[in-house]
Amino acid sequence: MNMGYTELKIRLMQLGAVFTSRARSKMCQGSCGQIYFSDYPTTSGVVLKIDHKMYVNVPVKMEGTPFRIDDEEGRLVMKVRDICLPLQIEIMKEPEYALTGKRLDDKIPVRELVMTHADRLRISPIFGCSHHCRFCTCCLAGYREIPLHNLDRAVQIALKDPNNTPRHVLISGGTPRMGQSNYAYMNEVYRFFPNKYKELKFDVMLSPRGKDAVMKPTESEYEEFLLFLKEECKVATMSVNLELYNEEKRKNYIYGKWKIGKDRYFKFIKKAVRIFGGKNIRSSLVVGLESEKDTLEGVRALADCGCVPVLSAFVPAAETGNMKKPEPKFLLDVVHKASKIAEQKEMKLGPVLYRACTHNSLTEEEGSISIPDEIYREILRYKE
């Protein structure tokens, strides 16, 4: 039978894989033999490139999955039971600074300030977050803004990493506190890095806001800030994550973002699309915490205003309580239907500018592989 790449990707994201000792011997390792650094729930795994085109974040497991990554005659292969799937496997290298626990002079681990995933470097200017989304572990850290010189030193180390040299940069959250000094700090971060590292394209992830700390900015204040990012900071792309569409779910899971108001999200996104161009603005929806109908309405609303929809499967963390992963079948149905909605607006599910950045997103992948029926049944037997 034929198994679509989309389904294969989803099952790998949900079930993970065992990495054999022979495969590990071919991978970058830390001093204790670790092959990956546990980051956020959606990125805690090893990124595989499959058949030269599909990227997927694969959680590392010791059991409970049908998939094994092995080395066979010097070639990495993916197996179910002892049968090799007809796939070409490439492992995207983990950065040395993360695997070795490299620290700055003041003993701060580099990996707490920056992290490389596939070909993207993430800068984290803030520990903690002023929002307290129930499914996110970011807010569990005590709130602290990282001195700019420390961030820059970490970036320099990451850009010279011998395992993985990033090609572009994301300035990520958390969301700053509502204070003039907090907003001024983030503005300086946005200004400093793109202007210093002009050879790299910069992306920012943020909630709707003005340039200054104003509880409910006007549309002109939104525009002022967006122009500041584009013209003065030289930011190229942006992610304004809606997260959820259903109002009750938003209030329950993302109270801080719910207080901002969905209408304000769309006003900000529409202005961003006009200023930066549609393909440069994206917004992520978490799949699995609300109904399929609600998620698809969110996809349609984002596509209607020219924003690239991004689907992110909900991945529970131990710290966030007893919340379950969505079933692969549910995710597969949502992806197929969401992709058709996007196509009606002549766009694809994102991220769209950097292919490797799709490793932890739900995307419609072209193509399939032929596998024996009993192997497919074996894969279906496993549930998270």
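Up top is the structure these notes are about.
Let us look at the structure shown here. (Residues numbered from 1 in each chain as written. Predicted model: local features only at pLDDT ≥ 70, side-chain atom pairs only at ≥ 80, totals over all residues. Heavy atoms only, no water.)

Examining unusual backbone geometry
Under the convention used in this document: In this description a helix means any DSSP run of H or I spanning at least four residues, a strand means any run of E spanning at least two, and both kinds are numbered starting from the N terminus. Buried, partly exposed and exposed residues are distinguished by accessible area as a fraction of the type maximum, computed with a 1.4 Å probe on protein chains only: under 20%, between the cut-offs, and over 50%, respectively.
With an omega of 10 degrees, the peptide bond between Gly173 and Gly174 qualifies as cis. By secondary structure assignment, the location of Gly174 is in the loop between strand E14 (168-171) and helix H5 (180-196). Along the chain, Gly350 connects to Pro351 via a cis peptide bond; the corresponding omega equals -5 degrees. In the Ramachandran plot, Lys234 falls in the positive-phi region, its phi being about 65 degrees despite a non-glycine side chain. Relative to the helices and strands, Lys234 resides in the loop between helix H6 (219-232) and strand E16 (237-239). Overall, the relative accessible area of 48% leaves Lys234 in the partly exposed class.

A few points about the sheet that holds strand E8 (residues 83-84)
Within a sheet, each strand pairs with its neighbour through backbone hydrogen bonds, oriented either parallel or antiparallel. Worth spelling out the cut-off: By this definition, two strands are paired if DSSP reports at least two bridges between them. Here, two residues are considered to be in contact whenever any of their heavy atoms come within 4.5 Å of each other. For every element, the axis is a line fit to its C-alpha atoms; helices are fit only across the contacting stretch, and the angle between N-to-C directions ranges from 0 to 180 degrees.
If you trace the 5 strands from one edge of the open sheet to the other, you get E5-E2-E6-E7-E8, paired in mixed fashion. This sheet does not close on itself; its edge strands, each paired only once, are strand E5 (60-61) and E8. Judged from the 2 bridges that link them, strand E7 (residues 75-80) and E8 form a sheet pairing that is antiparallel. Of the residues in E8, the one forming a bridge with Val80 is Ile83. Each of strand E2 (17-19), E5, strand E6 (67-72) and E7 is contacted by helix H1 (residues 5-15), which is oriented at about 100 degrees to E6, the strand it contacts most.

Section: the packing of H1 against helix H12 (residues 373-381)
Here is the rule: In these notes the angle categories are as follows: under 35 degrees is roughly parallel, over 145 is roughly antiparallel, 65 to 115 is roughly perpendicular, and the rest is oblique. Working rule for handedness: look at the near helix, and if it is turned counterclockwise from the far one by less than a right angle, call the crossing left-handed; if clockwise, right-handed. Here the nonpolar group is Ala, Val, Leu, Ile, Met, Phe, Trp, Tyr, Cys and Pro; Asp, Glu, Lys and Arg are the charged ones; every other residue, Gly included, is treated as polar.
Running from N to C, H1 and H12 cross one another at 40 degrees; their axes reach a closest spacing of 11 Å. It follows that H1 is oblique to H12 by the angle criterion. Considering the relative orientation of H1 and H12, their crossing is left-handed. Counted together, Glu7, Arg11 and Leu15 of H1 and Tyr376, Ile379 and Leu380 of H12 form the full contact between these two elements. In the contact of H1 with H12, the residues fall into 4 nonpolar, no polar and 2 charged.

Geometry only, nothing functional implied.
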